[in-house]
Every structure is written in structure tokens, then in C-alpha cells.
Amino acid sequence: MLSGLFFINFSSPYNIFFINTSSTMRTFSLLILCLLLLSCKGKSKHDWAEMKLLGQVKTLTDTVSDVYELQGKAQKKLRSVTAYRFNEKGCIVEKTITIETGKMIGRDSNIYDQQEQLTTSYRFIDDELYSHSIFRYDSSHRLILQQDSSLDGKLLSESNFKYLDNGYQCTKVVYSPAGKVIKIENTRFGTNGLKIEAGIIEPRDSFSQTTKFEYDAYGKLIMERADTSRANHPKKTIYKYDENGLETEVTACDRDSNLLLQKASVYSKFDKTGNWREQTTKWKGLGIVITTRSIQYF
């Protein structure tokens, strides 16, 4: 049996990371986490916009708790605390994850250049430095190189980015330290800059997937359709929003229309700037999760 910690990123229903205390699993986790840092085009806008935050947010703390019933009354049990610190341009300079015991299991520290392009990212696990990544850009400020290394300087992976069709098409190729291809990503963007198609090939695992994205008139993602080689991976994912543009429902089904995941979220306790302070999410078959926010502004 594997022993370790599962961290679920609740902003995305499919991002589940395993952090194990063994050196082998740590190396594997580091590689996976490094591969997730940036995709084609890098960061096209500041993190405030990516996270749908209003105003000049300085710090944000999300406290996630499970809800359970005890003697007929609803109780909360702390699951994790994720804290973000931003610079005045809206870019994340530090992110920490703490579990219910108070132990910090992860920390990211980011450095940017004068154009607010991410140049260096340090990743800590159990408050110890385990990896760092460097990023390079072309004269058009497009990401062209990402190198991920371990604490002792050994290369974990290298990603090269190439752009076609005036930047509306991007190919990302990820190489292992031995120079073998780990992953190939082909991404197409519309004239509005929104991603309309993404293809992934992982030769080592014989995995391939092509996903098409659909948006509403306001540019919010409403549907993903995936043609994938994995039977249990979502074939279609539908997103719904409230009048404020906040995500209220996510439903994912496999290729046989079997329900894989469904969650519904309600927001309450907004602050004067318009950012929500409490989110209640009901996961079908998995229970209820409450996220409370603490926000400071510049």
C-alpha cells in the first residue's frame, strides 16, 4: 500500500497530486509537478485574472474543510490551507500548502523580470528545497524554454516551445534527461486568444488525447470534448456559471456517458471589492467541502 498524502486542487476537478515521503516517489512527484507549471504561451495575463480575483489582492488564504454530521449537527474538519502572496502586478510570488496538522507540505516561490515574465520558480516539499525551474522567452515575450532541475542540479526535464501561424498554434515537446520525448502538446488558439484545441501524446504510456474547447459569448469555458485513449478519462465536461461569472457546476462523463464527476458550488459572504469569502461545494458521492477566504489588498 502506498503511504503518503493526496492533495486535491479544488479549482480543477482532475488535479490530484500524490506526495510520498520516499525518495523515489518524491522524484516522480517533482517531475509531474514541474511538467504542470506552464503550458504553451506561458502566462498570458496576471494571476489575478486567472484566479478571477477583483481588485489589487496582496494576499489570499483559502481554508478548505470537510463537512460531516455529528449528533445531528453539521461539523467542519480542516483539510488544508492554501496561501498566496502576489506582487503589485498581480503575479503569484509565493504559494504555500498546509495540511490539517499544521505541517506545510508544499511551497512555491516565483521570480519575475521587468516584463512580469516568470523567470525562475523554486519548489519546496516539507519546507525543503527540492527543485527549481527556469524559463526563457523570445523577443515577442513567448515562452520558448523551460528547464526543471532537482536540488542537486540534475536535469529532470526540458521543454521546448515552437509557434506557428502567427502564434495561434504552439507545440511543446518535453524531453527526459536522456533526451527521450516524454510528452508532446499541440495547442491551437482562436483570434481572441482562447484555447480552442489541445492535443497530447505521451509515447512512453501509449497515451493520446485531443480536447476541443467551447466558450460562451463572454469567453467563459462551457464545454470540453475529449477524444482520449483512456476509457475512464472524461469524454465531455460541462461548466455552468452564475450571474457573476463564478463557476457553479461541473459535470464530467466518460465516452459511454457514465457520470464520472459532478460538483455544484454556491458562493456567499462577498467583500466590498466583490470577491467571495465563502464557497460551499457538494461533490456527488463524495460529500461537502467548504472553502473560506481571507483577503488583504494593496
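Coordinates for the structure precede this section.
Keep in mind that what you see is a predicted model, and the values were worked out from it rather than measured.

> I'd like to hear about the overall build of the protein chain, residue by residue, with values.
The helix and strand inventory of the protein chain stands at two helices and 20 strands. The long-range fraction of contacts in the protein chain, counting pairs at least 24 apart against all pairs at least 6 apart in sequence, stands at 28%. If you sum the accessible surface of the protein chain, you get close to 16,900 Å²; carbon and sulfur atoms cover 50% of it.

> Give me unusual backbone geometry: which residues, what numbers.
In this structure, asparagine 166 is a non-glycine residue whose phi angle is positive, near 55 degrees. Relative to the helices and strands, asparagine 166 resides in the loop between strand E10 (155-164) and strand E11 (169-175). For serine 206, which is not glycine, the phi torsion reads 55 degrees and is therefore positive.

> If you had to explain the pattern of salt bridges to someone new, which residues and values would you point to?
Using the criterion set out here, one finds 14 salt bridges in the structure. Between lysine 183 and glutamate 185 there is a salt bridge; the shortest N-O distance is 3.8 Å. Comparing lysine 183 with glutamate 185, the two get one shared label, buried. Taking the shortest distance from any N to any O, the salt bridge between lysine 183 and glutamate 202 comes out at 4.0 Å. Within this pair, whereas lysine 183 is found in strand E12 (residues 181-189), its partner glutamate 202 is found in strand E13 (residues 195-202), the two being separated by 19 residues in sequence. By the burial criterion, lysine 183 is buried, and glutamate 202 matches it. Connected via shared salt-bridge partners are Lys183, Glu185 and Glu202.

> Outline the pairing of strand E3 (residues 57-70), supporting the account with residue identities and numerical values.
As paired strands, E3 and strand E20 (residues 287-297) are joined by ten bridges and run antiparallel to one another. Directly across from valine 67, in E20, lies its bridge partner isoleucine 288. Pairing analysis gives twelve bridges linking E3 to strand E4 (residues 73-86), with the strands arranged antiparallel. Opposite threonine 63, over in E4, you have valine 81 as the bridge partner. Between E3 and E4, which pair antiparallel one after the other, the connecting turn spans two residues, and glutamine 71 there sits at a positive phi close to 55 degrees.

> So what about the packing of aromatic side chains? Which residues, and what values?
Here a ring pair, both rings aromatic, is described through the centre-centre distance and the interplanar angle of the planes. Tallied over the entire structure, the rule returns two aromatic pairs. Residues tyrosine 84 and phenylalanine 86 carry aromatic rings whose centres are separated by 6.3 Å and whose planes lie at 25 degrees to one another, so their mutual orientation is stacked. Just as tyrosine 84 is buried, phenylalanine 86 falls in that class too. Its guanidinium or amino end placed over the ring of phenylalanine 124, arginine 107 lies 3.8 Å from that ring's centre, counting from NZ or CZ. Lysine 220 extends its terminal NZ or CZ atom over the ring of tyrosine 241, reaching a point 5.6 Å from the ring centre.

Conventions used here
- Residues numbered from 1 in each chain as written.
- Predicted model: local features only at pLDDT ≥ 70, side-chain atom pairs only at ≥ 80, totals over all residues.
- Heavy atoms only, no water.
- Helix = DSSP H or I, 4+ residues; strand = E, 2+ residues; numbered from the N terminus.
- Contact = heavy atoms within 4.5 Å.
- Areas by Shrake-Rupley, 256 points an atom, 1.4 Å probe, with all protein chains shown as cover.
- Salt bridge = Lys/Arg side-chain N within 4 Å of Asp/Glu carboxyl O.
- Buried < 20%, exposed > 50% of the residue type's maximum accessible area, 1.4 Å probe, protein only.
- Pairing = 2+ DSSP bridges.
- Phe/Tyr/Trp six-rings, centres within 6.5 Å; stacked < 30°, edge-to-face > 60°.
- Lys NZ or Arg CZ within 6 Å of the ring centre and 35° of its normal.

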